[in-house]
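Listed here are the chains, written in short residue letters.
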Amino acid sequence: MSDTPLPQPLLEDDELERLDEFLDSERVDPDALDLISAHGFLVALAVAPREIEATTWVAELFHGEPAFADAAERSEILGLLEKLRGNAIDTLEQGGLPELPFELTLDGTAPEETPIGDWCAGFMEGVFLDEAAWFEQDEETVATLLLPFMALSALFDDEPDMADMTADTARLESLAGQLPDLVLDLYLHYRVPPETPKPMPRKKKPAGRSPGKGKPGGKR
């Protein structure tokens with residue numbers, strides 16, 4: 001029996017459907033994130049090394065203020081977004097894996113033409129929101145951990161350093177299947193202090209061995 005934890009859904013299906021309906025409506029800016037991108041964005045905020053003000057990330061997600069029908073709808077939609085982020089934090093804090101709302105396989109399709117690419121692009125939008133904090137410490141390790149998200153997002157395809165990775169379809173397929181684990185790896189990177197080597201105990205000098213004195217117990 002495998003000890004690998006099953007991914008945990010961050011919202012119930014009906015809650016995801018409600019968000020999808022609203023984010024796809026004409027009351028939201030055309031450039032706002034859709035459900036899949038918003039899911040990735042909020043998971044990134046759950047991983048982020050420091051808290052982002054809700055007013056900041058809400059404005060970024062919606063590209064402004066949506067035309068909510070009334071205060072009740074505003075409270076409902078913002079509450080669902082905060083619940084998704086909060087559930088992601090709780091899941092990761094317990095060492096669990098977040099369930100992503102799509103199949104984790106590319107099936108030979110380019111990432112940017114799949115929900116995987118959209119989700120990773122949304123995740124990277126969450127990183128860009130406070131990029132300095134993400135790379136403030138151990139920049140090389142963070143860059144390595146973020147590389148799969150960058151490659152699958154298709155936002156960096158024009159960069160020469162990314163060409164070999166994005167051309168390797170088998171590797172991209174493998175990374176897509178590992179996304180929940182990669183999210184947990186990033187979360188733990190920011191919250192579990194690195195192991196430091198244990199200090200070596202100092203060697204004790206034999207008792208009585210001090211300069212100018214004879215062997216312990218010897219005659220004067």
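The rules we used
Residues numbered from 1 in each chain as written. Predicted model: local features only at pLDDT ≥ 70, side-chain atom pairs only at ≥ 80, totals over all residues. Heavy atoms only, no water. Axes fitted to C-alpha atoms, helices over the stretch in contact; angles between N-to-C directions. Helix = DSSP H or I, 4+ residues; strand = E, 2+ residues; numbered from the N terminus. Parallel < 35°, antiparallel > 145°, perpendicular 65-115°, else oblique. Left-handed = near helix turned anticlockwise from the far one by under 90°. Contact = heavy atoms within 4.5 Å. Nonpolar A, V, L, I, M, F, W, Y, C, P; charged D, E, K, R; others polar. Polar contact = N/O pair within 3.5 Å; in protein donor to acceptor, adjacent residues only side chain to side chain. Buried < 20%, exposed > 50% of the residue type's maximum accessible area, 1.4 Å probe, protein only. pLDDT = per-residue confidence, 0-100. Patch = residues over 30% accessible without salt bridge, like charges linked within 9 Å, V, L, I, M, F, W, Y side chains within 5 Å. Areas by Shrake-Rupley, 256 points an atom, 1.4 Å probe, with all protein chains shown as cover. Salt bridge = Lys/Arg side-chain N within 4 Å of Asp/Glu carboxyl O. Lys, Arg positive; Asp, Glu negative; His and termini not counted. Charge placed at Lys NZ, Arg CZ, Asp CG, Glu CD.

- In the nomenclature of an unreviewed UniProt entry, the protein corresponds to YecA family protein from the organism Halomonas sulfidivorans.

Quick notes on the packing of helix α1 (residues 13–23) against helix α4 (residues 71–93)
- Packing of α1 against α4 brings their axes to within 11 Å, and their N-to-C directions diverge by 120 degrees. Here α1 is positioned oblique relative to α4, judged by the angle of their axes. Helix-helix and strand crossings are classified by hand; for α1 and α4 the assignment is left-handed. Facing Glu15, Arg18, Leu19 and Phe22 of α1, the residues of α4 in contact are Glu73, Glu76, Ile77, Leu80, Leu81 and Lys83.
- Residues belonging to the contact of α1 with α4 are distributed by class as follows: 5 nonpolar, no polar and 5 charged.

Observations concerning the side chain of Ser153
- Within the secondary structure, Ser153 is located in helix α7 (residues 139–153).
- Here the side chain of Ser153 touches Met150 through a polar contact of 2.8 Å, landing on its backbone oxygen.

Considerations on unusual backbone geometry
- With a phi angle near 50 degrees, Asp107 is a residue other than glycine that sits in the positive phi range.
- Counting through the fold element by element, Asp107 comes out in the loop between α4 and α5 (115–128).
- Note on Asp107: relative accessible area 65%, which makes it exposed.
- One non-glycine residue, Ala154, lies in positive phi territory at about 65 degrees.
- Structurally, Ala154 can be placed in the loop between α7 and α8 (163–167).

Quick notes on the packing of α7 against helix α9 (residues 169–177)
- Packing of α7 against α9 brings their axes to within 10 Å, and their N-to-C directions diverge by 115 degrees. Helix-helix and strand crossings are classified by hand; for α7 and α9 the assignment is left-handed. Where α7 abuts α9, its residues Pro148, Ala151 and Leu152 lie against Leu172, Leu175 and Ala176.
- Along the lines of polarity and charge, the residues of the contact of α7 with α9 split into 6 nonpolar, no polar and no charged.

Concerning the environment of Ala46
- The topology assignment puts Ala46 in helix α2 (residues 35–47).
- A relative accessible area of 2% means that Ala46 is categorised as buried.
- Spatially, the C-alpha atom of Ala46 lies 7.1 Å from that of Gly86, the residues being 40 residues apart in sequence.
- Apart from the residues within four sequence positions on either side, Ala46 is in contact with Arg85, Ala88, Ile89, Tyr187 and Arg191.

Observations regarding the confidence of the model for the protein
- On average, residues of the protein score 88 in pLDDT, and 85% of them are at 70 or above.
- Taken together, the stretch residues 206–220 has pLDDT below 50 and engages in 3 contacts with residues farther than four places along the chain or on a different chain.

Some words on a negative patch on the surface
- Taken together, Glu12, Asp13, Asp14, Glu17, Asp20, Asp24, Asp34 and Glu99 make up a surface patch of like negative charges.
- Looking at where Asp34 falls in the secondary structure, it is placed in the loop between α1 and α2.
- By relative accessible area, which is 35% here, Asp34 ends up partly exposed.

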